[in-house]
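Descriptive structure summary
Each chain, written out:
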Amino acid sequence: MKSFIDVAHDSHFPIQNLPFGVFSPAGGAPRVGVAIGDFVLDLAVLEERGHFRTPEFQGGAVFSAGAINPFLALGRPAWRKAREVIQHLLDSDMPTLRDDAELRLRAFHARKDVTMHLPARIGDYTDFYSSYHHAHNVGTMLRGPENALMPNWKWLPVAYHGRASSIVVSSTDVRRPHGQIKPPDAPAPIFGPSRSFDYELETAFLIGPGNALGTPIPIERAADHVFGLVLMNDWSARDVQAWEYQPLGPFLAKNFCTSISPWVVTLEALEPFRKPLPAQAPEPLPYLRAPNDFSYDIQLEAHLQTKTLAAPHLITRTNFQNLYWSIAQQLAHHTVNGCNLQPGDLLASGTISGATEESRGCMLELTWRGANPLTLPNGETRKWLEDGDRLTITGWAQGDGYRIGFGEVTGRILPAA
Ligand code: MN
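Structural notes, computed from the coordinates.

Scoring rules and cut-offs
- Residues numbered from 1 in each chain as written.
- Predicted model: local features only at pLDDT ≥ 70, side-chain atom pairs only at ≥ 80, totals over all residues.
- Heavy atoms only, no water.
- Pairing = 2+ DSSP bridges.
- Helix = DSSP H or I, 4+ residues; strand = E, 2+ residues; numbered from the N terminus.
- Axes fitted to C-alpha atoms, helices over the stretch in contact; angles between N-to-C directions.
- Donors = N, O, S within 2.8 Å, 3.2 Å for Na, K, Ca; no water.
- Buried < 20%, exposed > 50% of the residue type's maximum accessible area, 1.4 Å probe, protein only.
- Contact = heavy atoms within 4.5 Å.
- Phe/Tyr/Trp six-rings, centres within 6.5 Å; stacked < 30°, edge-to-face > 60°.
- Lys NZ or Arg CZ within 6 Å of the ring centre and 35° of its normal.
- Salt bridge = Lys/Arg side-chain N within 4 Å of Asp/Glu carboxyl O.

Once that is clear, we can look at the sheet that holds strand β3 (residues 39–42). Across the sheet, which stays open at both edges, the 5 strands sit in the order β4-β3-β2-β1-β5 with antiparallel pairing between neighbours. Bordering the open sheet on either side are β4 (108–110) and β5 (115–117), each of which pairs with just one other strand. Geometrically, the sheet is characterised by an average inter-axis angle of 45° between neighbouring strands, direction not taken into account. Alignment of strand β1 (residues 20–24) against strand β2 (residues 31–36), held across 4 bridges, turns out to be antiparallel. Paired with Phe20 across the strands is Val34, a residue of β2.

Next up on the list: the coordination of the manganese ion. Six octahedral donors around a metal ideally make angles of 90 or 180 degrees; four tetrahedral donors ideally make 109.5 degrees. Distances from the manganese ion to its protein donors, Asp127 (OD), Glu200 (OE), Glu202 (OE) and Asp234 (OD), fall at 2.1 to 2.2 Å. Every donor residue of the manganese ion comes from the same chain, spaced as D-x72-E-x1-E-x31-D. On the criterion of sequence distance, the pair formed by Asp127 in strand β6 (residues 125–128) and Asp234 in the loop between β14 (226–233) and β15 (236–237) is long-range, its members being 107 residues apart. The class of Asp234 is buried, set by a relative accessible area of 0%.

Looking now at the sheet that holds strand β20 (residues 299–305). Strand order in the open sheet formed by 5 strands is β9-β26-β25-β20-β21, and the pairing between neighbours is mixed. This sheet does not close on itself; its edge strands, each paired only once, are β9 (174–175) and β21 (313–319). Pairing of strand β25 (residues 390–398) with strand β26 (residues 403–414), which is carried by 8 bridges, proceeds in the antiparallel orientation. If you follow Leu391 over to β26, its bridge partner there is Gly411.

Residue placement: His303 occurs in strand β20. Residues within four places of His303 in sequence aside, it is in contact with Pro312, His313, Leu314, Ile315, Arg390, Leu391, Thr392 and Thr394.

The next point concerns the packing of aromatic side chains. All told, the structure shown has 21 aromatic pairs when counted by the stated rule. Aromatic pair Tyr296 and Phe320: ring centres 6.0 Å apart, planes at 45°, arrangement tilted. Remark: Phe320 occurs in the loop between β21 and α9 (327–335) and Tyr296 occurs in strand β19 (residues 294–296); sequence separation between them is 24 residues. Here Tyr296 falls in the buried class, since its relative accessible area comes to 1%. A network of ring pairs unites the aromatic residues Phe20, Phe52, Phe57, Phe63, Phe71, Trp79 and Phe227 as a single cluster. In this structure, Arg274 is placed above the aromatic ring of Phe294, and the distance from its NZ or CZ to the ring centre is 3.8 Å.

This part takes up the pattern of salt bridges. Within this structure, the stated rule accounts for 24 salt bridges. Put simply, Asp38 and Arg111 hold a salt bridge, and the shortest N to O gap is 3.9 Å. One end of the pair, Asp38, is in the loop between β2 and β3; the other, Arg111, is in the loop between β4 and β5, with 73 residues separating them in the sequence. With a relative accessible area of 27%, Arg111 lands in the partly exposed category. The partner of Arg98 in a salt bridge is Asp99, and the shortest N-O contact between them spans 2.9 Å. When salt bridges that share partners are traced, they join Asp198, Glu200, Asp234, Arg238 and Lys254 into one network.

For β25, the buried fraction is high: 7 of the 9 residues fall into the buried class. The pairing of β20 with β25 spans 7 bridges and is classified as antiparallel. Paired with Glu301 across the bridge in β25 is Thr394.

Structural data, given as structure tokens:
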């Protein structure tokens with residue numbers, strides 16, 4: 001499959017991908033588009049021309065909205081149909097869009113000239129803790145290797161409810177937060193800017209139709225409710241976290257800012273990169289078991305740019321397959337008590353660390369709580385992130401001659417106010 005739009009072989013956005021996002025062209029209102037090479041295809045323009053007048057769309061105009069929530073609510077039949085229509089229109093052999101100069105002028109925008117927004121109105125946000133190596137490393141630091149994992153960890157996908165209002169789109173600056181910090185040898189906590197500012201390399205998925213209150217989603221139907229994935233950086237203030245987290249989990253250490261990438265990569269685009277979920281022992285309870293449960297081969301990286309480094313430096317290289325619990329298991333567990341998920345809810349993976357040192361997905365693990373600082377190519381060292389640092393997470397699935405990419409989620413740290 002090839003588009004009449006030229007796409008470089010290492011572009012994240014070939015015709016096989018077609019991730020959805022919300023953008024504003026210069027001087028225009030937010031609307032829904034897909035990324036193709038260096039362009040955004042304006043779906044509001046195509047919708048106005050009647051290209052989505054099919055039964056799957058139920059007569060609604062969904063792409064002129066400033067968020068993908070109405071599209072998410074339509075479910076997989078509409079998602080599949082939209083992909084089919086868009087791929088057909090972009091196909092190098094199809095004249096409808098290719099040969100219509102006036103339509104092309106209106107429907108394509110250079111990606112560098114548009115403003116990206118959060119893709120969805122996120123009503124609720126949950127962050128899991130689903131990487132074995134992350135949970136094991138952090139548990140080892142806190143309780144020693146014998147008691148690294150809590151007794152529940154291999155029985156259920158542990159999570160906490162995060163805060164949706166402070167989720168921001170990539171490129172938004174993040175300000176170092178203030179909080180209560182209790183130095184280990186001090187008799188009482190102090191108040192001040194966090195001194196151990198961290199990133200967490202994560203992915204997250206957006207919920208489609210969702211479920212009514214009181215009606216769980218069985219694991220075998222979970223994928224019907226997952227539209228697609230984004231990259232996420234769960235900024236964390238470790239000193240605030242260490243003092244506040246017991247007994248109810250993270251609170252102000254996490255909810256001051258969480259960044260996501262603007263382009264949502266669909267499950268359809270990721271289909272060729274499905275991998276079997278690694279064996280789980282002990283075998284999970286029946287409601288968490290599905291015969292063909294799966295993971296994806298998605299390469300993930302974090303790069304650190306300081307004020308003085310010549311170029312961003314790779315500090316984490318990991319893979320989505322390092323997640324122990326699957327998307328389907330996370331979703332089935334989240335709803336098993338009848339909790340209702342709604343279109344646009346965001347469910348995140350937790351920090352994705354692997355077995356090797358280079359695959360650790362946050363500074364907490366990379367420097368072992370500051371004990372082994374990172375040394376950067378220019379001789380600078382880092383125990384934690386510093387003001388002016390920029391952290392960028394990127395990811396892609398590598399196909400034969402093409403990439404299904406996520407673009408990036410990036411943010412720069414501003415000094416405490
Ligand atoms: Mn997290």
